[in-house]
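One-letter residues, chain by chain:
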Amino acid sequence: MIMEKPYDSLKQLFQQEFAKMVAVISKQFGLQHIEIAEDIVSETFLSATESWGMKGTPENPVAWLYVVAKQKTLYYFRRNKILQKKVIPAITSSQEKEQEMEDLDFSPQHIRDSQLQMLFAVCNPAIASEAQIGLALRILCGFGIDEIAEAFFTNKETINKRLFRAKDKLRIEKVKMELPPEDEIANRLDNVLHVIYLLFSEGYYSKTQNEVLRKDFCIEALRLGVLLTEFAITNQPKTNALIALMCYHSSRFTARQDSSGSPILYEQQDAALWDKDLMRQGDYFLSQSAQGSEVSSYHLEAGIAQWHCQKEDTPEKWNGILQLYDLLLQTNYSPGVALNRLFALYKAKGWETAMAEAEKLNLHDNHFYFILLGELYKNNDLSNAIANLEKAYALARTQTDKHTIREKINRLTPGC
Amino acid sequence: MKEFMFLFRQPSYDYSQTSPAEMQNLYKKWQDWVGGIAAQGKLVQTGIRLADEGKVLKAGGVVTDGPFVEIRERLGSFMVIKAESLEDATTLAHGCPALDSGGSVEIRPVYQ
């Protein structure tokens, strides 16, 4: 399954176990002391690098980490008088809590429960969504500050500040590590799914050249999605639809980039490089998602992504995609979806229908609109196609976009 | 942009003789038409379909059962869209599949 990920380096082990240990310890201390949990786990790994470096890796590294983390937690707990005198009475009766502390629970079930609660805590609407993604990457996925900074094109200090503010917010809002009440889970689940989707998009559409990092983000988003399916209350049709969507998209990951890191457009991709296993998993989760009566936007997007797993152009494919885009627009209009729908319309019903609809769209400040018009005119009216691409060039803001558009123009210009 | 309501009236809503393939085709026609409006960002609300049965209360406390045989076309559903003017809204209503089956679309501005 997607979740199983063997580690062959301390870095991978760190990423994998950091999140689990922070979740379990935070559960014990309360979320307001999440930094203590992070410190203890970081110290544990520091001890590991020292000790393993000298004595070699133990037979069961994970068990070693849990034992040392327990020791360090207990040590901290006993030594820290403030915690004992102030925090623990505030949480519960001290006797009871100390009993629990003696027995920090690293059983798989408890790890899973704690991680689910952590997921809901991190996705608390009180925290800005950008900070939610950062916090999710750090606390739930165990990514380093450097890596997060790289993904967001910013420096360590900014990320540190952002995470600090987010944790502060958790404290101020007194966010607890527990699942929301049952009747509220449905509402909160939407936000959790949204953050997972953003996390995935950060990996999938990220402009960073670090491919390993991008892939890792996608895998982690998938892992969190699958975690949600392990609990009856969060194993909703829309959860499965989101996982299906991520599986289908991930299946084309390797085919999307050439060896120099330049993107390869869908039409030019080598379908032999598409991951058939991930497609099958997508089919599985999509069938799981069809069990309720609800059709979420994840269902519709997963449906479109499933059609894109079929490389050949057929009328069924483009009609199917068009219908799904129509439904998507009815639940949630966005110019991007409207443009994608227009392309599907062009493929399904031909140039003239698409042109008539394109004129109604009125997206005259959107460079993608003119790129699409350029695409539509390409085979029928070359000078019009170039004129539209020039408009797109003038509107595009980033150098990468301008470069891609210029190349398109050059390809259409005779003699170039 | 102002809001307008489209009221769809058709002579018959009896689909008992319609084959699944025809239903699919009909559904697709509606989808295409609504999708075109949604693509322009002019759709406000859709998906409301009125049930076949109903009652009519008239002056003097007279209650009659629907369907409402005295009018040739029955109200089946409605939808709310955005447009600049009544003329623009009417343009959007063109292509509505209710027209194909001898029905009509009533276009009315909605006051907020």
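Just so you know, these numbers come straight off a predicted model, no measurement behind them. (Residues numbered from 1 in each chain as written. Chains lettered and ligands numbered in written order. Predicted model: local features only at pLDDT ≥ 70, side-chain atom pairs only at ≥ 80, totals over all residues. Heavy atoms only, no water.)

**Quick look at the packing of helix α1 (residues 10–29) of chain A against helix α6 (residues 108–122) of chain A**
All names here are of chain A. One can describe the packing of α1 onto α6 by two numbers: an axis separation of 8 Å at closest approach and a directional angle of 80°. It follows that α1 is roughly perpendicular to α6 by the angle criterion. Every residue of α6 that contacts α1 at A19, K20, V22, A23, V24, S26 and K27 is listed here: H110, I111, S114, Q115, Q117 and M118. When grouped by side-chain class, the residues that make up the contact of α1 with α6 number six nonpolar, five polar and two charged. (Axes fitted to C-alpha atoms, helices over the stretch in contact; angles between N-to-C directions. Helix = DSSP H or I, 4+ residues; strand = E, 2+ residues; numbered from the N terminus. Parallel < 35°, antiparallel > 145°, perpendicular 65-115°, else oblique. Contact = heavy atoms within 4.5 Å. Nonpolar A, V, L, I, M, F, W, Y, C, P; charged D, E, K, R; others polar.)

**As for the packing of aromatic side chains**
As enumerated under the stated definition, the model contains 20 aromatic pairs over all chains in all. Seen from their ring centres, F143(A) and F217(A) are 4.7 Å apart, and the 75° between their planes marks the pair as edge-to-face. On the criterion of sequence distance, the pair formed by F143(A) in the loop between α7 (129–140) and α8 (145–151) and F217(A) in helix α11 (residues 211–229) is long-range, its members being 74 residues apart. In this structure, F143(A) and F217(A) share a single accessibility class: buried. Geometrically, the ring pair formed by Y284(A) and F285(A) is edge-to-face, given 5.1 Å between the ring centres and 75° between the ring planes. Owing to a relative accessible area of 45%, Y284(A) belongs among the partly exposed residues under this scheme. Owing to a relative accessible area of 4%, F285(A) belongs among the buried residues under this scheme. A network of ring pairs unites the aromatic residues F6(B), F8(B), W30(B) and W33(B) as a single cluster. When the ring centre of Y204(A) is taken as reference, the NZ or CZ atom of R256(A) above it lies at 3.7 Å. Over the aromatic face of Y393(A) sits the side chain of K402(A), whose NZ or CZ is 4.6 Å from the ring centroid. (Phe/Tyr/Trp six-rings, centres within 6.5 Å; stacked < 30°, edge-to-face > 60°. Buried < 20%, exposed > 50% of the residue type's maximum accessible area, 1.4 Å probe, protein only. Lys NZ or Arg CZ within 6 Å of the ring centre and 35° of its normal.)

**Some thoughts on the pairing of strand β5 (residues 74–83) of chain B**
Residue and element names in this part refer to chain B. Counting buried positions along β5 gives eight out of ten residues, so the element sits mostly inside the fold. Pairing geometry for strand β1 (residues 2–10) and β5, over nine bridges, is antiparallel. Residue pairing in the sheet places Q10 in a bridge with R74 of β5. (Pairing = 2+ DSSP bridges.)

**Quick word on the confidence of the model for chain B**
All names here are of chain B. When pLDDT is averaged across chain B, the result is 87; 95% of the residues are at 70 or more. Per-residue pLDDT, averaged within each element of chain B, yields its smallest value for strand β4 (residues 62–65) (79) and its largest for helix α2 (residues 86–93) (95). This complex was scored by the predictor with a pTM of 0.83 and an ipTM of 0.78. (pLDDT = per-residue confidence, 0-100.)

**A closer look at the nonpolar core**
Among the nonpolar cores identified, the biggest contains 93 residues, and M118(A), I196(A) and L228(A) are the most heavily contacted of them. Once residues lying within four places of it in the same chain are set aside, the contact partners of M118(A) are V22(A), A23(A), S26(A), L31(A), I34(A), I139(A), L140(A) and M177(A). L339(A), M355(A), C96(B) and I107(B) belong to the second largest nonpolar core, which has 55 residues in total. (Core = buried A, V, L, I, M, F, W, Y, C linked by side-chain atoms within 4.5 Å.)

**What to know about α2(B)**
All names here are of chain B. Turning to α2, its buried residues are A89, L92 and A93. The buried residues of α2 occupy an angular sector of 105° when projected down its axis, which confines them to one face. Among the exposed residues of α2, those pointing more than 90 degrees away from its buried face are E87 and T91. On its buried face, α2 sits against β1, α1 (20–39), β5, α3 (97–100) and β6 (104–109). (Arc of directions from axis to C-beta.)

**With respect to the interface of chain B and chain A**
Across the boundary between the two partners, chain B contributes 13 residues, which contact 14 residues of chain A. Summed over the three residues of chain B that lose the most area to chain A, namely Q31(B), A39(B) and Q40(B), the buried surface amounts to 42% of that side. Connecting chain B to chain A are one salt bridge. Of the charged contacts, one joins D32(B) and K349(A) as a salt bridge, the two residues approaching to 2.6 Å between their closest N and O atoms. The interface formed by chain B and chain A holds three residue pairs in polar contact (both at pLDDT 80 or more) in total. (Buried area = accessible area lost by both parts, 1.4 Å probe. Salt bridge = Lys/Arg side-chain N within 4 Å of Asp/Glu carboxyl O. Polar contact = N/O pair within 3.5 Å; in protein donor to acceptor, adjacent residues only side chain to side chain.)

**Considerations on the pattern of salt bridges**
Residues and elements named next belong to chain A. One pass over the full model with this rule turns up 27 salt bridges over all chains. Between K20 and E17 there is a salt bridge whose closest N-O contact spans 3.5 Å. Taken together, the positions of K20 and E17, both in helix α1 and three residues apart, correspond to about one turn of that helix. One salt bridge in this structure joins E357 and R341, with 3.0 Å as the shortest N-O distance.

**Thoughts on the packing of helix α17 (residues 351–361) of chain A against helix α18 (residues 367–377) of chain A**
All names here are of chain A. Closest axis-to-axis distance for the α17/α18 pair is 11 Å, and the angle between their directions is 155°. Between α17 and α18, the crossing angle belongs to the class labelled roughly antiparallel. The chirality of how α17 crosses α18 is left-handed. Across the interface between the two elements, W351, A354, M355, A358, E359 and L361 of α17 pack against Y369, L373, L376 and Y377 of α18. (Left-handed = near helix turned anticlockwise from the far one by under 90°.)

**Brief notes about the environment of G35(B)**
Along the chain, the position of G35(B) falls in helix α1. Ignoring sequence-local partners within four residues, the contact set of G35(B) consists of D326(A), L329(A), Q330(A) and R341(A).

**Quick look at the pairing of β1(B)**
Examined bridge by bridge, β1(B) and β6(B) share six bridges and lie antiparallel to one another. Paired with F4(B) across the bridge in β6(B) is P109(B).

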